[in-house]
Amino acid sequence: MPGVRSVLPLLAVVVLAAPGAGHASGLSAEVTAASDFVFRGFSHSDTEPVVQAGVRYRHRSGLFGGLWASTVEFPPEAGRGDGPDAEVHAFAGYAGAWGEEWSWSGTAIRYEYTGADPALDLSYSEAQVALEWRQLVQLTAAWTPGFLGSDRSALFVEMSGRYPLPRRLELNAGAGIAELDNRFEPRYLYGHAGAAWSTRRLELAVGFYVSDSRAVPRWGEVIDGRWVASLSARLP
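Residues numbered from 1 in each chain as written. Predicted model: local features only at pLDDT ≥ 70, side-chain atom pairs only at ≥ 80, totals over all residues. Heavy atoms only, no water.

Novice: Would you take a moment to explain the overall build of the protein for this structure?
Specialist: From N to C terminus, the protein includes one helix and 15 strands. Pairs at least 24 apart in sequence give 51% of the contacts found in the protein among residues at least 6 apart. (Helix = DSSP H or I, 4+ residues; strand = E, 2+ residues; numbered from the N terminus. Contact = heavy atoms within 4.5 Å.)

The structure is reproduced here in structure tokens:
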């Protein structure tokens, strides 16, 4: 499995930090094993299984922040050396509410890639805003001025939803559109539909992912129809 060693330090943070944290502290963590790492219509793991982990802190004021990491496997670039073996997200933001049904958030995210040849710099920053209705439907927009370490911009707009069912089951689906600088490609669509079963500590999920994209250089394999399964453990 690619890049497991690069994620081990974050896994250690999750194991050490989360069990001693109660709900009052606002600290939570999650570890996931998945059959693929699909992100915005692309496999970041060359359609191979991944290990992922994250830790998040949320203050009662609405401020939040955290770290998230996953093993990755990007396609090699001619003359650019080996690609990264891990992807790390560092994020911070603020969340608020409008009445009892609507909530919103603004987040700054830094994407870092480790294990790659020094000449291959894919890291970039992103600004994201989200609007949510009753924790059932969410609209998200994310923009970066330097996508994948380039001087080109990218905009991603997504809508997702979930429908709770009896016996801890739920259905979920989402769709997005990517507006990329024409150095990559002008536009593509992506989406998914799936189901999940969850308890307070565990979640088992399966989904079918699609994309109409052509290959974007430096960013993994296009998903044109693929099932992905995952098992997550949450703390506390």
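Once you've had a look at it, read on.
Novice: How should I be thinking about the sheet that holds strand β14 (residues 221-222) in this particular structure?
Specialist: Whether parallel or antiparallel, the strands of a sheet pair through hydrogen bonds between backbone atoms. Across the sheet, which stays open at both edges, the three strands sit in the order β2-β3-β14 with antiparallel pairing between neighbours. Of all strands in the sheet, those with a lone pairing partner are β2 (38-39) and β14, marking the two edges. As judged from the two bridges shared by strand β3 (residues 42-43) and β14, these two strands associate in the antiparallel manner. Following the sheet pairing, Ser-43 is matched in β14 by Glu-221. (Pairing = 2+ DSSP bridges.)

Novice: Would you explain the side chain of His-89 in this entry?
Specialist: Mapped onto the elements, His-89 comes out in strand β6 (residues 86-98). A relative accessible area of 11% means that His-89 is categorised as buried. In this structure the side chain of His-89 is engaged in a polar contact, spanning 2.6 Å, whose partner is the side chain of Glu-87. The residues touching His-89, leaving out its near neighbours within four places in the chain, are Gly-66, Leu-67, Trp-68, Ile-109, Arg-110 and Tyr-111. (Buried < 20%, exposed > 50% of the residue type's maximum accessible area, 1.4 Å probe, protein only. Polar contact = N/O pair within 3.5 Å; in protein donor to acceptor, adjacent residues only side chain to side chain.)

Novice: Looking at this model, I keep getting lost on a nonpolar patch on the surface. Mind explaining?
Specialist: Nonpolar side chains collect at one region of the surface, where Trp-98, Trp-102, Leu-131, Val-137, Leu-139, Trp-143, Leu-155, Val-157 and Met-159 lie side by side and expose about 810 Å² of accessible area between them. For the nonpolar patch, the elements supplying multiple residues, two or more each, are β9 (137-144) and β10 (154-165). When you line up the elements, Leu-139 lands in strand β9. (Patch = residues over 30% accessible without salt bridge, like charges linked within 9 Å, V, L, I, M, F, W, Y side chains within 5 Å. Areas by Shrake-Rupley, 256 points an atom, 1.4 Å probe, with all protein chains shown as cover. Salt bridge = Lys/Arg side-chain N within 4 Å of Asp/Glu carboxyl O.)

Novice: Before we go on, may I ask you to explain the pattern of salt bridges in this structure?
Specialist: Side-chain pairing between opposite charges can occur once the charged atoms of the two side chains come close. Counted under the stated rule, the structure contains eight salt bridges. With its nearest N and O atoms 2.8 Å apart, the salt bridge here joins Arg-226 to Asp-36. Of this pair, Arg-226 sits in strand β15 (residues 226-235) while Asp-36 sits in the loop between β1 (27-34) and β2, and the two are 190 residues apart along the sequence. By sharing partners, the salt bridges in this structure join Arg-40, Glu-126 and Glu-158 into a single network.

Distances and angles like these do not, on their own, reveal function.
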